[in-house]
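An overview of the molecular structure
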Amino acid sequence: MREIVTIQVGDFANFIGSHFWNFQDELLGLAEDSQADVVFRNQCLNMDLLYRTGETQQGILTYTPRLVSIGFQGSLGSMSSRGTLYNEKQPAPSDVVTWSGNLSSQVSEPQKKNLFLQSLYKEEEKFHMMNGNTSVRHDIHSDISDKDIVECLENEVQYWTDFSKVHYHPRSLYELSGLWVDVQQFNNFGIGRDAFSDSLRGEEMNESLRFFIEECDHIQGIQFVVDDSGGFSGVAAEFLENIADEYTNTPVLLYSVRDPGQINPSSQRRTVCQNLHDAISFSRLSSFCKLIVPVGLPSLCKSKVGRFLCIDNGKPYHTSAVYASAIHSISLPFRMEPLGPTDESLYVSGAVDMNGAIQMLGGQARQNIVTILDVAMPAPPLTGTQAEQSVLENLHPLTPETSEDVEDLQAVESLTIHGAHGSGSHRASVSEVKEAVQAAYEHVVTRPRFSHLSVASCPLPIPLPFPSIFANLVGKHGELLGSPISSCTSRGSVDVHSIPMSARLRSSTAILPFLEHRLRNLQRFGIQRGALGNELLRSWGFGKDEVEDIGEALSKMVMTLDPHSEECSDSD
């Protein structure tokens, strides 16, 4: 088996992960539901690649994500760091016999479960009662309506666990305890690097990862999501360096994500700090992975991606849902059931493992490890009056600072389309999607050097705790309506049950502005004589030679993509 282990580092990364695992949980439930659409019951996806089977001390079988989640202490909300399945009661502490004085205890009140988590608890209680478990409580009453749950989540989500409907293994949840700073102060690469090295935190994270990797038959790769807006990028870089040393042949696909609420600095000093952090963070993270995908627009609601969405940029619960949807879609080929050379499937086509996708996008000639993530959410129909543009023209970047309409003859693309509609609400077949994509490529000005297409009939399911971010032009199955529904401005999981998706990873010179911006800022604020950030970089633990090496690495990435570009320092 070709397993995938997932790592999530930082609060926003865990928000994205919570949505991602909700999608997987929803797919698992629909696959076993005899009343569900046939495409959900014939997904042709191997969930064992993402999940592991286990057993509690009580003999209860478990099915939990192969996941290591790292967050700030207190970021789990009402959830225990031991998860929900293996949360056995801890024995009471014994009497202290070496102290004869008075004792006092300081106990904080546990976080209260919101309506959604209460409803999950009640469902499990009912399940145990129906299966004859008499040890559970019998005070279950008053069903909670889906509408009330959706409204509660829209107004009350504070933690990523507030909307998670997945059970986690105790080895999955790691909190950075013992830090003498609050979340706002944990805001730069240097402090994160120190946090990993202090105490036994680094070794404890490595042990958690080792637990999941060593039980794999043949690991396919590591899916790594990091919130790179502050100290967690430093934690992730140190963690990645250890992974590169210990698991040399295991590819890492890294999504470097950014919450829109963390993008606008408020002062000149903060601007310098943020610019240096972005350059250092990107360079260090990219040096320890096979492929890095920067994700995070300054404003999702004003972007082309938000055409059919109603997003509140100030809510991580909203923005993370879009990024999680894209990551789910682009990773589908990694867990599609492979077909033989003469086999055909009505439901999937174009399976490829993580290493194959990385090799394809990296390319032997270019050695480009930075790719752009594009998405259409929901994807418009392939044909009909609503298909104003081709399949390719409806894709828009979630990667910031990219160029539009770039002619790149060496570009390489990996495109995934699933749950696509034909004319009207008719679900398009795999062959119809292939034909539509082929026709779209015939009309583009510059075709990529190579393009890989993966197709699945199964759309993106919309679980109950998904936010109400769909515009009133989106129908029950993600179809685009001819006229808006006047009774509402936004729609959620009560109204929209699934949507078609298109997502693409693209290796292209369109990423050059992103790279050049980081190189210029590093040279201007960190390398030039008398630069404003020299002292700041030293406080992060970076000496002059190390900073210059980082600058050379960024310069090499720019020159590899554009051999005719001049050194940015020549123009500064």
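Procedures and definitions
Residues numbered from 1 in each chain as written. Predicted model: local features only at pLDDT ≥ 70, side-chain atom pairs only at ≥ 80, totals over all residues. Heavy atoms only, no water. Helix = DSSP H or I, 4+ residues; strand = E, 2+ residues; numbered from the N terminus. Buried < 20%, exposed > 50% of the residue type's maximum accessible area, 1.4 Å probe, protein only. Contact = heavy atoms within 4.5 Å. Areas by Shrake-Rupley, 256 points an atom, 1.4 Å probe, with all protein chains shown as cover. pLDDT = per-residue confidence, 0-100. 1 Å grid on protein atoms, 1.4 Å probe; cavity = no way out; pocket = protein on both sides within 12 Å on 5 of 7 lines; lining within 4 Å. Points joined across faces, edges and corners; volume = space filled by probe spheres on them. Nonpolar A, V, L, I, M, F, W, Y, C, P; charged D, E, K, R; others polar. Pairing = 2+ DSSP bridges. Axes fitted to C-alpha atoms, helices over the stretch in contact; angles between N-to-C directions. Phe/Tyr/Trp six-rings, centres within 6.5 Å; stacked < 30°, edge-to-face > 60°. Lys NZ or Arg CZ within 6 Å of the ring centre and 35° of its normal. Core = buried A, V, L, I, M, F, W, Y, C linked by side-chain atoms within 4.5 Å. Salt bridge = Lys/Arg side-chain N within 4 Å of Asp/Glu carboxyl O. Parallel < 35°, antiparallel > 145°, perpendicular 65-115°, else oblique. Left-handed = near helix turned anticlockwise from the far one by under 90°.

Helix and strand counts for the chain come out as 14 helices and 18 strands. In the chain, buried positions account for 55% of the 572 residues. Contacts in the chain between residues far apart in sequence, at least 24 positions, make up 79% of those at least 6 positions apart. Total accessible area on the chain stands at roughly 26300 Å², and carbon and sulfur atoms take up 48% of it.

The next subject is the confidence of the model for the chain. For the chain, per-residue confidence averages 88 on the pLDDT scale, and 88% of positions sit at 70 or higher. With pLDDT under 50 throughout, residues 134-141 is counted as low confidence; its partners more than four residues away or in other chains account for twelve contacts. Residue range residues 568-572 is modelled with pLDDT below 50. Its contacts to residues more than four positions away, or to other chains, number eight contacts.

Moving on: the layout of surface pockets. In this structure, the second largest pocket occupies an estimated 840 Å³ of space. If you go around the second largest pocket, you meet 29 residues; those closest to its centre are Leu 392, Asp 405, Val 406, Arg 504 and Arg 506. Looking at side-chain class alone, the lining of the second largest pocket contains eleven nonpolar, seven polar and eleven charged residues.

Moving on to the sheet that holds strand β10 (residues 372-376). Spatial ordering of the open sheet is given by β9-β13-β12-β18-β10-β11, a layout of six strands whose pairing is mixed. The sheet terminates laterally at β9 (348-349) and β11 (396-397), the two strands that pair on one side only. In the sheet, strand β12 (residues 412-418) pairs with strand β18 (residues 501-507) via seven bridges, with the strands oriented antiparallel. Bridge pairing in β18 links Ile 417 to Ser 502. Against the sheet, helix α10 (residues 354-362) makes contact with β12, β13 (450-456) and β18, and its axis sits at roughly 135° relative to β12, the strand it touches most.

Before going further, it helps to spend a moment on empty space enclosed by the protein. Evaluation of the coordinates by the stated rule reveals four cavities of 30 Å³ or more. Its volume calculated, the largest cavity comes out at about 80 Å³. Around the largest cavity, the lining residues are Lys 304, Val 305, Arg 307, Phe 308, Val 375, Ala 376, Met 377, Pro 378, Pro 380, Asn 394 and His 396. Split by residue class, the lining of the largest cavity holds seven nonpolar, two polar and two charged. Considered as a void within the structure, the second largest cavity measures approximately 40 Å³ in volume. Taken together, Ile 330, Pro 333, Phe 334, Val 352, Ala 357, Leu 361, Ser 414 and Leu 505 form the lining of the second largest cavity. Of all the elements in the fold, those that place two or more residues in the lining of the second largest cavity are α9 (316-335) and α10.

Another point: the packing of aromatic side chains. The tally for this structure, following the rule as stated, stands at 16 aromatic pairs. A centroid spacing of 5.1 Å and a plane angle of 70° characterise the contact between Phe 186 and Phe 232, whose relative ring orientation is edge-to-face. Within this pair, whereas Phe 186 is found in the loop between β5 (173-176) and α5 (189-197), its partner Phe 232 is found in helix α7 (residues 232-246), the two being separated by 46 residues in sequence. Each member of the pair Phe 186 and Phe 232 is classed as buried. In this structure, Arg 193 packs its charged tip against the face of Phe 542, placed 4.1 Å from the ring centre. Above the ring of Phe 514, the side-chain terminus of Arg 518 is found at 3.6 Å from the ring centroid.

Now for the pairing of strand β6 (residues 221-227). Remark: a regular strand shows side chains that alternate across the two faces of the sheet. Within β6, seven of the seven residues are buried, leaving the element largely enclosed by the surrounding structure. Residues Gly 221, Gln 223, Val 225 and Asp 227 of β6 are buried on one face, and the alternating residues Ile 222, Phe 224 and Val 226, pointing to the opposite face, are buried as well. As paired elements, strand β1 (residues 4-9) and β6 share six bridges and run parallel to each other. Bridge assignment links Gln 8 to a residue of β6, and that residue is Val 225. Sheet topology places β6 next to strand β7 (residues 252-257); six bridges connect them, and they run parallel. Within β7, the residue paired with Gln 223 across the bridge is Leu 253.

What follows is about the nonpolar core. With 80 residues, the main nonpolar core has Tyr 255, Val 322, Met 377, Leu 398 and Phe 470 as its most contacted residues. At ten residues, α9 tops the list of elements feeding residues into this core. Beyond its immediate chain neighbours, meaning those up to four positions away, Met 377 contacts Val 305, Phe 308, Leu 309, Ala 321, Val 322, Ser 325, Phe 466, Ile 469, Phe 470, Ile 499 and Met 501. Counting residues in each nonpolar core, the second largest holds 61 residues, with Leu 254, Cys 273, Leu 285 and Leu 554 among its members.

Applying the stated rule across the entire model yields 21 salt bridges. The partner of Arg 210 in a salt bridge is Glu 203, with the nearest N and O atoms 3.7 Å apart. The class of Arg 210 is buried, set by a relative accessible area of 15%. Using a relative accessible area of 41% as the deciding quantity, one classes Glu 203 as partly exposed. With a shortest N-O distance of 3.0 Å, Asp 374 and Arg 504 are connected by a salt bridge. Here Asp 374 is found in strand β10, whereas its partner Arg 504 is found in strand β18, with 130 residues between them in sequence. Judged by its relative accessible area of 0%, Asp 374 falls in the buried class. Accessibility expressed as a relative area gives 8% for Arg 504, which makes it buried. Taken together, the salt bridges that share partners define one network made up of Glu 203, Glu 207, Arg 210 and Glu 246.

What follows covers the packing of helix α1 (residues 11-31) against α9. As a packed pair, α1 and α9 sit with axes 8 Å apart at the nearest point and diverge in direction by 55°. It follows from the interaxial angle that α1 and α9 lie oblique. Relative to α9, the crossing made by α1 is right-handed. Across the interface between the two elements, Phe 12, Phe 15, Ile 16, His 19, Phe 20, Phe 23, Gln 24 and Leu 27 of α1 pack against Pro 316, Tyr 317, Thr 319, Ser 320, Ala 321, Tyr 323, Ala 324, Ser 325, Ile 327, His 328, Ser 331 and Arg 335 of α9.

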